[in-house]
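Chains, contacts and geometry: an overview
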Amino acid sequence: RRSRRGRQAVVSTQSTGESGGTRQCNCRMEMKTHMTGPGSFQMTQHRVCDQCPGLKLVTETEDLELEIEPGMVDGMVQKFSGKGEPHMEGEPGDLYFKVKTLKHPQFHRSGDDLYTNLTISLQEALVGFEMEIKHLDGHKVPVKREKVTWFGAVIMKKGEGMPNFENRNKLGNLYITFDVKFPRGELTAEEKDSVRSILKQASVQTVYNGL
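Residues numbered from 1 in each chain as written. Predicted model: local features only at pLDDT ≥ 70, side-chain atom pairs only at ≥ 80, totals over all residues. Heavy atoms only, no water.

With a phi close to 50°, K200 is a non-glycine residue in the positive phi region. Relative to the elements of secondary structure, K200 occurs in the segment after helix 2 (189–199). (Helix = DSSP H or I, 4+ residues; strand = E, 2+ residues; numbered from the N terminus.)

Shown next, in the form of structure tokens:
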């Protein structure tokens, strides 16, 4: 379900081509000896170049296929040899692509683990519920609670995280944090008595520093 998938990017590159005429190339400094008088010599440096065919930079478009492998993380680099800046003398440089992960509206990644939040109603928090979460690759992750779920509770779904880049058989976990949405509106006196009768919960009012 987490199959290998490729991505393509179109980039503009420059290459060298003949422009006609000649140009100086392979330039180097050579020492020359000159006679300055009887028995007197002087050595000087001179720049010497060869004559090579004229070259110019030509802009052309080339399709480069990027393979985004499962489990890749921010900062990973893919190298394209010889696809970088061209040089009049010698081989062109290399082109590097760095992976940058965009923010997802439902999942946050940390290592191979995924984190998400799930909002449920107060009724669902008290009596339980059953639902499915759609994962990144489309498969459904079942979530079932048969007991009370409090605000901030976290459950773990083993093996529902991201695949490990080095070991595809190793998967991270999915952590789900619950938010509870309370109903708005007022309860009647009779409804309040019914809630007290069902919950049978004593007062736990406590003042403390929660920071």
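Moving on: the side chain of N173. Structurally, N173 is set in the loop between strand 9 (154–157) and strand 10 (174–181). A polar side-chain atom of N173 sits 3.0 Å from the main-chain amide nitrogen of G159. Among residues more than four places away in sequence, those in contact with N173 are D112, D113, L114, M156, K157, K158, G159, E160 and G161. (Polar contact = N/O pair within 3.5 Å; in protein donor to acceptor, adjacent residues only side chain to side chain. Contact = heavy atoms within 4.5 Å.)

With that out of the way, let us pick up the packing of aromatic side chains. Between two aromatic rings, the relevant description is the distance of the centres plus the angle of the planes. For the structure on display, the rule yields 3 aromatic pairs. Centroid distance F80 to F97: 5.7 Å. Interplanar angle 80°. Geometry classified as edge-to-face. Residue F80 is found in strand 3 (residues 77–80), and its partner F97 is found in strand 4 (residues 95–98); the two are separated by 17 residues along the sequence. Judged by centre distance (5.1 Å) and plane angle (15°), the ring pair of Y115 and Y175 falls under stacked. Of this pair, Y115 sits in strand 6 (residues 113–121) while Y175 is found in strand 10, placing the two residues 60 residues apart along the sequence. What makes Y115 partly exposed here is its relative accessible area of 35%. (Phe/Tyr/Trp six-rings, centres within 6.5 Å; stacked < 30°, edge-to-face > 60°. Buried < 20%, exposed > 50% of the residue type's maximum accessible area, 1.4 Å probe, protein only.)

Following the criterion strictly, the structure yields 5 salt bridges and no others. R109 is the salt-bridge partner of D112, the closest N and O atoms lying 3.8 Å from each other. Measuring nitrogen to oxygen at the nearest pair gives 3.3 Å for the salt bridge that ties E146 to K144. (Salt bridge = Lys/Arg side-chain N within 4 Å of Asp/Glu carboxyl O.)

A separate point is the sheet that holds strand 5 (residues 108–110). Read from one edge of the open sheet, 4 strands run 5-6-10-9, paired in mixed fashion. The sheet terminates laterally at strand 5 and strand 9, the two strands that pair on one side only. Averaged over all neighbouring strand pairs, the angle between strand axes comes to 30°, with direction disregarded. Two strands pair when backbone bridges link them, and strand 9 and strand 10 are joined in this way by 4 bridges, in the antiparallel orientation. Its bridge partner being in strand 10, V154 is matched across the sheet by T177. (Pairing = 2+ DSSP bridges. Axes fitted to C-alpha atoms, helices over the stretch in contact; angles between N-to-C directions.)

Let us look at the layout of surface pockets. By volume, the second largest pocket amounts to about 330 Å³. Forming the walls of the second largest pocket are L122, Q123, L126, V127, P183, R184, G185, E186, L187, V195, I198 and L199. Element by element, the count of residues in the lining of the second largest pocket is highest for helix 1 (residues 122–127), at 4 residues. Along the lines of polarity and charge, the residues of the lining of the second largest pocket split into 8 nonpolar, 2 polar and 2 charged. (1 Å grid on protein atoms, 1.4 Å probe; cavity = no way out; pocket = protein on both sides within 12 Å on 5 of 7 lines; lining within 4 Å. Points joined across faces, edges and corners; volume = space filled by probe spheres on them. Nonpolar A, V, L, I, M, F, W, Y, C, P; charged D, E, K, R; others polar.)

So, on to the nonpolar core. Generally speaking, a soluble globular protein has its nonpolar side chains buried in company with each other. Membership of the largest hydrophobic core comes to 16 residues, with the highest contact counts inside it found for L118, I120, V143, I176 and F178. Those residues in contact with I120, other than ones at most four positions away along the chain, are A125, F129, T149, F178, D179, V180 and K181. (Core = buried A, V, L, I, M, F, W, Y, C linked by side-chain atoms within 4.5 Å.)

A word on a nonpolar patch on the surface. Together, L126, V127, V148, L187, V195, I198 and L199 line one region of the surface with nonpolar side chains, adding up to about 640 Å² of accessible area. Of all the secondary structure elements, the ones that give two or more residues to the nonpolar patch are helix 1 and helix 2. Here the nonpolar patch gets 3 residues from one element, more than from any other, and that element is helix 2. If you trace the backbone, I198 turns up in helix 2. (Patch = residues over 30% accessible without salt bridge, like charges linked within 9 Å, V, L, I, M, F, W, Y side chains within 5 Å. Areas by Shrake-Rupley, 256 points an atom, 1.4 Å probe, with all protein chains shown as cover.)

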